[in-house]
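Understanding the architecture of this molecule
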Protein chains: 2
Amino acid sequence: MLTERQLIILQVIIDDFVDTAHPIGSRALSKKDDLPYSAATIRNEMADLEDLGFLEKTHTSSGRIPSEKGYRYYVDHLIGPSTKQNDVSIIKDIIQDGFFEFEQIVQMSAEVLSKLTNYTSIILGPEMFETTLKQIQILPLSSRTAVAILVTNTGHVEHRSFTIPEKINSSDLEKMVNIMNDRLKGVPIIKLQDVLSTEVSQLMKLYIDDFDKSFDYLKAFFANDNPVKLYIGGKSNILLQPEFNDVEKIRSFFTMMEKEDEIANMLKNSKNGIEVTIGNENESDAIKDLSLITASYHLGGGHMGTIALLGPTRMEYKKVISLIKGLSTEMTDALYMWYRTND
Amino acid sequence: MLTERQLIILQVIIDDFVDTAHPIGSRALSKKDDLPYSAATIRNEMADLEDLGFLEKTHTSSGRIPSEKGYRYYVDHLIGPSTKQNDVSIIKDIIQDGFFEFEQIVQMSAEVLSKLTNYTSIILGPEMFETTLKQIQILPLSSRTAVAILVTNTGHVEHRSFTIPEKINSSDLEKMVNIMNDRLKGVPIIKLQDVLSTEVSQLMKLYIDDFDKSFDYLKAFFANDNPVKLYIGGKSNILLQPEFNDVEKIRSFFTMMEKEDEIANMLKNSKNGIEVTIGNENESDAIKDLSLITASYHLGGGHMGTIALLGPTRMEYKKVISLIKGLSTEMTDALYMWYRTND
DNA sequence: TGTTAGCACTCTAACCAAGTGAGTGCTAAT
DNA sequence: ATTAGCACTCACTTGGTTAGAGTGCTAACA
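Residues numbered from 1 in each chain as written. Chains lettered and ligands numbered in written order. Predicted model: local features only at pLDDT ≥ 70, side-chain atom pairs only at ≥ 80, totals over all residues. Heavy atoms only, no water.

1. Here's the deal with the protein's contact with DNA strand C
Inspection of the region around DNA strand C gives 20 residues, with S26 of chain A together with R5, T41, T60 and S61 of chain B positioned closest. A share of 76% of the atoms of DNA strand C within 4 Å of the protein falls on sugar and phosphate groups. Here K57 of chain A contributes a side-chain N or O atom positioned 3.3 Å from a phosphate oxygen of DNA strand C. R64 of chain A places a polar side-chain atom, nitrogen or oxygen, 3.0 Å from a phosphate oxygen of DNA strand C. Elements with a contribution of two residues or more to the surface near DNA strand C: α3 (39-51) of chain A together with α3 (39-51) of chain B. Ranked by residues supplied to the surface near DNA strand C, first place goes to α3 of chain B with 4 residues. (Near = heavy atom within 4 Å. Polar contact = N/O pair within 3.5 Å; in protein donor to acceptor, adjacent residues only side chain to side chain. Helix = DSSP H or I, 4+ residues; strand = E, 2+ residues; numbered from the N terminus.)

See below:
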């Protein structure tokens, strides 16, 4: 178990390192007001803390820096309840404005979050397996083109314009839409393709001449829908972090950020509540030297999506955690409001 | 005027430097098959080319690299007609697929273009002052929410969902839409706000009780429409270029790329046909050490949008120019097709 | 007169040696 | 239990040396 003094020293070291990104030595520490001990005393304590695995040296005669275990301890034990709520209210204002669509809110939140923290923010949009189709509408634009509008129970709207195949006339089209509205309402988005190929296609064959030829087209229409939306804010913020002074690191970071599906998978597993994974605690190799903070937002208990921040292990955990905590509850509230007016 | 031999030497130097990014000396040049001259002869020629401003040295005893004037001459005089058309056909296939919306085509083109070249591609979407409103439709989602669909003459579709203010009932809403469809059809997108505040609001006052209170809402609805869409592909491609080995350069590049309106302005001025601006020829300070290649695509003669590539001055001009040339005509064709089926 | 070989000169990049300073671990005194 | 003192370590800086690639110029050559 750590003594009281060791706790204080660990905390001061972490706070200082988070601030400066430089290793800190015993002499410099002894000059801080918080620590009325001599350099030698602190030196001994630091040696103990290192033995316990909370501190590291960059080389034999360097100052100390926190280890990942040190950060872990800090996050688990040394972070008090968050104090100031000012920052979160910025986001609150945006959400409560009420004018924006949910998509825009998410987008803006990601941006604000990254701007407030100088890290990279990632928000996973409402997940599709909770989302069901509410209605399909077709709006003709010209004799040969039309736009289809899909609406989900979460208030998400999507449109897709297309040219009408020659073999289909407008009454056929109407029939098709009616069948789809009849049979696809309430079906989870991810199951749309399935239901379409089985039930719906059976039914359509009965009513529409020459249906087989149109089916491929219809299927393709529902196909290119990426299952989950990812909003990333402040990608280039990491360039402000001194740990990214190396072109190679920057490159690997950016190539990682381009693999959106991998990132989505990374975040999908996150449980309810706040979760902090530090460095090697991360499963994905690509972020083994970064820290990831995730929180989820909900709709009436069900898991909907995830908010995350990605930054160096040397992260302002205290500030960041309280921010994310605030934002996730804000988004849960906003979603609830949406759902109420939208149903 | 340059002699035949000087032309060849200049060309070989540029080709080599574009390839390797290293200064090249007389001895290395003399070994190339293209140049059956001794190192000393080439040395003399290079000295002359330097006096004329086509070459530079990085330091007194270094090999030569092309100057901006050298690139300019190369682009103006030494690039023959493009040979292989293979690359462009990739894009052609995507466009001719016919299934995608114009927006998606533009997006994908930007991506393909950047992937083929390893530079950063920028495409300016169809410009709004050529674009007019074709129709407005309102689709109710629930008692208190609805989605509006705007369609333009270029086949661009946009939707925006909103909550219906309490003071407006559904028959009022219908009236409003009718009036808008009547009066706003054919109005250029950028003038929508104007016409709305003058004519339309006058008219609506006559028919709708309590209109004033709703007007702000309506206005806001048309407001947050950014005037022009920018598609950027391969932002992180410059990390592959050896000239970006410096974190500071990378940083300034990325902060530049975030100022989308500035970039849009940069591209707006581009005239018809291909235009190449090299280094300091660029007006914008932010890209004074980069080269920009632009081409525009059209709709029946009118200027619609711009395709551009941004890369180091040491650029594969030959390849890139033929690619962009191909793409711009492809997009012009695609637009024409769109317009025909869409009208 | 154009081309080439030869040579002195210049500058970068890599390497090495010495010196400095911040920091540590250990021991002995308080 | 705390602290002062001291020897030691290691990164970083500075200055000097060398090797290599390249140039400019001059003189010889076809």
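2. A closer look at the domain arrangement of chain A
Interface extent is often summarised as the accessible area lost during association of the parts. All names here are of chain A. Domain assignment breaks chain A into domain 1 (4-78), domain 2 (86-127 + 228-341) and domain 3 (131-223). Between domain 1 and domain 2, the C-alpha centre-to-centre distance is 29 Å. At the interface, 9 residues of domain 1 touch 14 residues of domain 2. With both sides pooled, the region where domain 1 packs onto domain 2 buries about 970 Å², and carbon together with sulfur makes up 63% of that total. Inspection of the domain 1/domain 2 interface yields 1 salt bridge. (Domains from an automatic or database assignment. Contact = heavy atoms within 4.5 Å. Buried area = accessible area lost by both parts, 1.4 Å probe. Salt bridge = Lys/Arg side-chain N within 4 Å of Asp/Glu carboxyl O.)

3. Side note on the sheet that holds strand β3 (residues 120-124) of chain B
Residues and elements named next belong to chain B. Read across the sheet, 5 strands follow the order β7-β3-β10-β9-β8 without closing on themselves; strand pairing throughout is antiparallel. Each of the sheet's edge strands pairs with one partner strand only, and the pair in question is β7 (230-233) and β8 (275-278). Taken over all neighbouring pairs, the strand axes of this sheet differ in orientation by 15° on average, direction set aside. Of the strand pairs in this sheet, β8 and strand β9 (residues 290-299) are connected by 4 bridges, and their pairing is antiparallel. Bridging across to β9, V276 finds its partner in I293. Against the sheet, helix α11 (residues 260-268) engages β3, β7, β9 and β10 (302-312), with an angle of about 75° to β3. (Pairing = 2+ DSSP bridges. Axes fitted to C-alpha atoms, helices over the stretch in contact; angles between N-to-C directions.)

4. Here's the deal with the pattern of salt bridges
Side chains bearing opposite charge may pair, as long as their charged atoms lie close to each other. All names here are of chain A. Enumeration according to the criterion identifies 23 salt bridges over all chains in this entry. Of the charged contacts in the structure, one is a salt bridge between E199 and R183, with a shortest N-O distance of 3.8 Å. Taken together, the positions of E199 in helix α8 (residues 192-207) and R183 in helix α7 (residues 170-184) put the pair 16 residues apart, joining distant regions of the chain. For R183, a relative accessible area of 38% translates into the label partly exposed. Between K288 and D285 there is a salt bridge, and its shortest N-O distance comes to 3.8 Å. For K288, a relative accessible area of 25% corresponds to the partly exposed category. What emerges from the salt-bridge pattern is a single network uniting R72, D76 and E281. (Buried < 20%, exposed > 50% of the residue type's maximum accessible area, 1.4 Å probe, protein only.)

5. Brief notes about the protein's contact with DNA strand D
Residues in contact with DNA strand D amount to 19 residues; listed here are only the nearest, R5, T41, T60 and S61 of chain A together with S26 of chain B. Here, DNA strand D places atoms within 4 Å of the protein, and 78% of those atoms are sugar or phosphate. One nitrogen or oxygen atom from the main chain of S38 of chain A is found 3.3 Å from a phosphate oxygen belonging to DNA strand D. Contact distances for DNA strand D include 2.5 Å between a phosphate oxygen and a side-chain N or O atom of T41 of chain A. Classifying every residue of the surface near DNA strand D gives 2 nonpolar, 12 polar and 5 charged. (Nonpolar A, V, L, I, M, F, W, Y, C, P; charged D, E, K, R; others polar.)

6. What to know about the packing of aromatic side chains
Taken as a whole and assessed by the stated rule, the structure comprises 9 aromatic pairs over all chains. Ring centres 5.7 Å apart and planes at 75° place the aromatic pair F244 of chain A and F253 of chain A in the edge-to-face group. According to the relative accessible area criterion, F244 of chain A is buried, its value standing at 5%. The exposure class assigned to F253 of chain A is buried, which follows from its relative accessible area of 3%. An angle of 50° between the planes, with centres 5.7 Å apart, marks the rings of Y71 of chain B and Y317 of chain B as tilted. One end of the pair, Y71 of chain B, is in helix α4 (residues 68-78); the other, Y317 of chain B, is in helix α12 (residues 317-341), with 246 residues separating them in the sequence. Residue Y317 of chain B is classed as buried on the basis of its relative accessible area, which comes to 0%. In this structure, R5 of chain A is placed above the aromatic ring of Y37 of chain A, and the distance from its NZ or CZ to the ring centre is 4.7 Å. Here K69 of chain A stacks its cationic end above the ring of F54 of chain A, 4.9 Å away from the centre of that ring. (Phe/Tyr/Trp six-rings, centres within 6.5 Å; stacked < 30°, edge-to-face > 60°. Lys NZ or Arg CZ within 6 Å of the ring centre and 35° of its normal.)

7. Some words on helix α6 (residues 102-117) of chain B
Counted at 1.5 Å a residue, the expected span for α6 of chain B with its 16 residues is 22 Å, and the 22 Å between its end C-alpha atoms agrees. Phi turns positive, to about 65°, at N118 of chain B, one or two residues after α6 of chain B. (Expected span 1.5 Å × (residues − 1).)

8. Considering the packing of helix α1 (residues 4-20) of chain B against α3 of chain B
Residues and elements named next belong to chain B. Relative orientation of the contacting elements α1 and α3 amounts to 85°, with a least axis distance of 10 Å. In terms of orientation, α1 lies roughly perpendicular with respect to α3. Note on element contacts: α3 touches α1 through T41, I42, E45, M46, D48 and L49, opposite R5, Q6, I9, L10 and I13. Broken down by class, the residue content of the contact of α1 with α3 amounts to 6 nonpolar, 2 polar and 3 charged. (Parallel < 35°, antiparallel > 145°, perpendicular 65-115°, else oblique.)

9. As for the pairing of strand β3 (residues 120-124) of chain A
Residues and elements named next belong to chain A. Among the 5 residues of β3, 5 are classified as buried, and the element is accordingly described as predominantly covered. Both faces of β3 are covered, namely the face carrying T120, I122 and L124 and the face carrying S121 and I123. Strand direction decides the pairing type here: β3 and strand β7 (residues 230-233), joined by 4 bridges, are antiparallel. Residue pairing across strands places L124 opposite L230, the latter belonging to β7.

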